[in-house]
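Working through the structure, step by step
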Amino acid sequence: MYHQATEIRRELLQRVCELSFKGLLREEIDRIPLEMRPRSAALSRCCIHKDRAVIKYRLMTILGFNVSDETDELTRLSEYAQMSMSREKFTDVMLTVVDEACSSCVKQNYTVTNICRGCVGHPCTYSCNKGAITIRKRAEIHPEMCVNCGRCMAACPFHAIVYTPVPCEESCPVGAISKNELGTEVIDWSKCVFCGKCKEACPYSAIMEKTYLVQIIAHLLDPSKKVVAMVAPALAGQYQEPFSKILGAVKAVGFDKIAEVAAGANITSRNEAKEWEERVLEKGEPFMTTSCCPSYKAWAEKKMPELVPYISHTRTPASYTAELVKQEDPDAITVFVSPCMAKRVEGYYDKNTDYVITFEELDAMIKALGIDIASCEPVIPDNSIEKSGRLYARTGGVAASVAQYTEHSDKLTAEVINGLDKDAVKFLKSVVAAKQSDSTLIEVMMCEGGCVNGCSVITSPKAAARQLGALEKKGFL
């Protein structure tokens, strides 16, 4: 979701990139909160000091730290920058809650607004079987008795009762985030599936994604290092420019080489088609699901383990691409350019992937360097890549690509799950319970629309899908 908090986050990313490319991060980073919130600025919160504190902790996360890593509140950002530049060890915890920015949302509940007319019928009281509503001049809900069933809201003829959610909790598909005793949101990592929906839902930008920007830019500036950008297919839909120009902008950032992850997608499709033939046609398994969405796989492992045996064992496009790069040059530093946080977690565990940056972070680098994409020297896409690999970015692309690599496509019937919502979960539970399905291949994507709707994209998924379609028609993919 794009809003002012998103703009602030992206400005912070850009400022960190600008200082890093200039070699002034340690010297100048302490000034960012002061520059963004001068004394004359309008306040976002109670006082200028809290505004600046929130910016400080957001910058901490961009430097790669959890807010909980702080042991001394007097530690300056310049010190964190120095620690980040010399850092060699990382963790798989990719999100952190900025507690200074959190705790503004009340617990989810139903609220009577001033639209209430205190009508004679008061159907809200009759709809509530807990006796949680009384009528004075207007209806009043007693929170200690309310069970948040919503019957009163449905019964009110004036629509005077509204539901007020906690956005991050409401967006989480697995109930992995909740308030602690201090009113601050806490993520339960045993439940989290790394979809990043909570980060995008928070209107305060209190949930931040940790980055590797400092380390990656240091490598880009080091002439002794060869840094390879592995770009996800969804990147083609992020800018209203030809794909060759977008690749040219990536090269202009300082990467020595660009590897299209679509090449790895071709390998994934080929291997997944072979696996489908072995499991479904030869062994008689009822169906197989795709494996390229790490958030879906994490969800299955944590929420529906009985589904795991049906997931393809084939590796992801990013994994195959990183392997290809390392085979060509074992010393190359591989950086996967990703549309989502789940791929950052995947990259952490992949032995051939050194770093992962998101589209949002790449865009910050492009803007920090003042790169005009339209003016960039084009980098011609690899014409050896079969086009279907580039269409992994949108829903249905994976299943369609797999079907192209089997001689038995007449027997491959595909079901495409466009976002893992309640109906999709119900469907998956039904086919697992019945051990049969009308579809022999089930493509599952956590995000509606596919990777073009990842939690770290910079363009609306509809616009990105249109751009991909336009590029496809023009033969630029």
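Placed above this text is the structure.
These figures come from a predicted structure and were not determined experimentally.

1. Focus on the packing of helix α1 (residues 4–22) against helix α4 (residues 48–62)
Between α1 and α4, the least distance of the axes is 10 Å, while the angle of their chain directions is 60 degrees. One element, α1, and the other, α4, form an angle in the oblique class. α1 and α4 meet at a crossing whose hand is right-handed. Contacts between α1 and α4 pair Ile8, Leu12, Leu13 and Val16 from the former with Ile55, Arg58, Leu59 and Ile62 from the latter.

2. Points about α1
The end-to-end C-alpha distance of α1 is 27 Å, a good match for the 27 Å that 19 residues give at a rise of 1.5 Å each. One or two steps after α1, the chain reaches glycine 23, where phi turns positive at roughly 75 degrees.

3. Quick look at the pattern of salt bridges
A complete count under the given rule lists 26 salt bridges for this structure. Aspartate 51 serves as the salt-bridge partner of arginine 37, at 3.4 Å between the closest nitrogen and oxygen. Pair noted here: arginine 37 is in the loop between α3 (32–36) and α4 and aspartate 51 is in helix α4, with a separation of 14 residues, a long-range link. According to the relative accessible area criterion, arginine 37 is buried, its value standing at 14%. Residue class for aspartate 51 comes out buried when judged on its relative accessible area of 2%.

4. With respect to the packing of aromatic side chains
Within the structure shown, the criterion is met by 8 aromatic pairs. Ring centres of phenylalanine 90 and tyrosine 355 lie 6.4 Å apart, and the angle between their planes is 85 degrees; on these two criteria the pair is classed as edge-to-face. Remark: tyrosine 355 occurs in strand β13 (residues 355–358) and phenylalanine 90 occurs in the loop between α5 (77–85) and β1 (95–97); sequence separation between them is 265 residues. Phenylalanine 90 sits in the partly exposed class, given a relative accessible area of 23%. Ring geometry for tyrosine 348 versus tyrosine 349: centroids 4.9 Å apart, planes at 85 degrees, classification edge-to-face. Exposure remark for tyrosine 349: the relative accessible area of 56% places this residue in the exposed category. Every member of this aromatic cluster is reached through a ring pair, and the members are Phe90, Tyr212 and Tyr355. A cation sits over an aromatic face here: arginine 87 above phenylalanine 65, 4.9 Å from the ring centre.

5. Concerning the sheet that holds strand β9 (residues 227–231)
Here 4 strands make up an open sheet; going across it, the order is β10-β9-β12-β13 and the pairing parallel. The open sheet has two free edges, formed respectively by β10 (257–260) and β13, since each of these has just one partner strand. Strand-to-strand twist across the sheet, computed as the mean angle between neighbouring axes with direction ignored, equals 30 degrees. Two strands pair when backbone bridges link them, and β9 and β10 are joined in this way by 4 bridges, in the parallel orientation. Bridging from a neighbouring strand, methionine 230 pairs with alanine 259 of β10. Together, β12 (333–338) and β13 form the strand contacts of helix α15 (residues 341–349), whose direction differs from that of β13 by roughly 175 degrees.

6. Thoughts on the packing of α1 against helix α10 (residues 213–221)
The interhelical angle for the contact between α1 and α10, taken along N-to-C directions, is 35 degrees, at an axis separation of 10 Å. Every pair of crossing elements has a handedness; the one defined by α1 and α10 is right-handed. Contact residues: Leu13, Cys17, Ser20 and Phe21 in α1; Leu213, Val214, Ile217, Leu220 and Leu221 in α10.

7. Examining the side chain of lysine 56
The residue lysine 56 is located in helix α4 in this model. Among the residues examined, lysine 56 registers a relative accessible area of 14% and is labelled buried. In contact with lysine 56, not counting residues within four places along its chain, are Pro33, Glu70, Glu73, Thr75 and Leu77.

8. Concerning the nonpolar core
Core analysis: the biggest nonpolar cluster contains 136 residues, and Ile29, Val253, Tyr296, Trp299, Leu307, Met365 and Leu420 have the highest contact counts within it. Not counting residues up to four positions away in its chain, the partners in contact with tyrosine 296 are Thr289, Thr290, Leu307, Ile311, Leu420, Val444 and Met446. The next biggest cluster of nonpolar side chains, apart from the first, holds 13 residues, and it includes Val112, Cys116, Ala160 and Ile161.

About the cut-offs
- Numbers given for residues are sequential positions, taken from 1 along each chain in its written order.
- Where local features are concerned, this predicted model is filtered to residues with pLDDT of at least 70; where side-chain atom pairs are given and counted, the filter is 80 or more; whole-chain, interface and lining totals use all residues.
- Side-chain measures here rest on the full set of heavy atoms in the structure, leaving out hydrogens and waters.
- Axis angles are defined between N-to-C directions and span 0 to 180 degrees, where every axis is a line fitted to C-alpha atoms and, for a helix, only to the segment in contact.
- Here a strand is any run of E in DSSP of at least two residues, a helix any run of H or I of at least four, and the numbering for each starts at the N terminus.
- When describing relative orientation, an angle under 35 degrees is termed roughly parallel and one over 145 degrees roughly antiparallel, while 65 to 115 degrees is termed roughly perpendicular and anything else oblique.
- Whether a crossing is left-handed or right-handed is set by the direction in which the near helix is turned from the far one by less than a right angle, anticlockwise for left-handed and clockwise for right-handed.
- A contact between two residues is defined here by any heavy atoms of the two lying within 4.5 Å.
- Expected span of a helix: the number of residues minus one, times 1.5 Å.
- We define a salt bridge as a side-chain nitrogen of Lys or Arg found within 4 Å of a carboxyl oxygen belonging to Asp or Glu.
- Burial status follows relative accessibility: with a 1.4 Å probe on protein chains alone, a residue under 20% of its type maximum counts as buried, one over 50% as exposed, and anything between as partly exposed.
- Aromatic rings from Phe, Tyr and Trp, taking only the six-membered ring of Trp, are treated as a pair when their centres fall within 6.5 Å; an angle between ring planes under 30 degrees marks them as stacked, one over 60 as edge-to-face, and anything in between as tilted.
- Look at NZ for Lys and CZ for Arg. If either is within 6 Å of the ring centre and within 35 degrees of the ring normal, a charge sits over the ring.
- Pairing between strands is defined by DSSP: at least two bridges between the two strands are required.
- Residue types Ala, Val, Leu, Ile, Met, Phe, Trp, Tyr and Cys, when buried and joined through side-chain atoms within 4.5 Å, form a set referred to as a nonpolar core.

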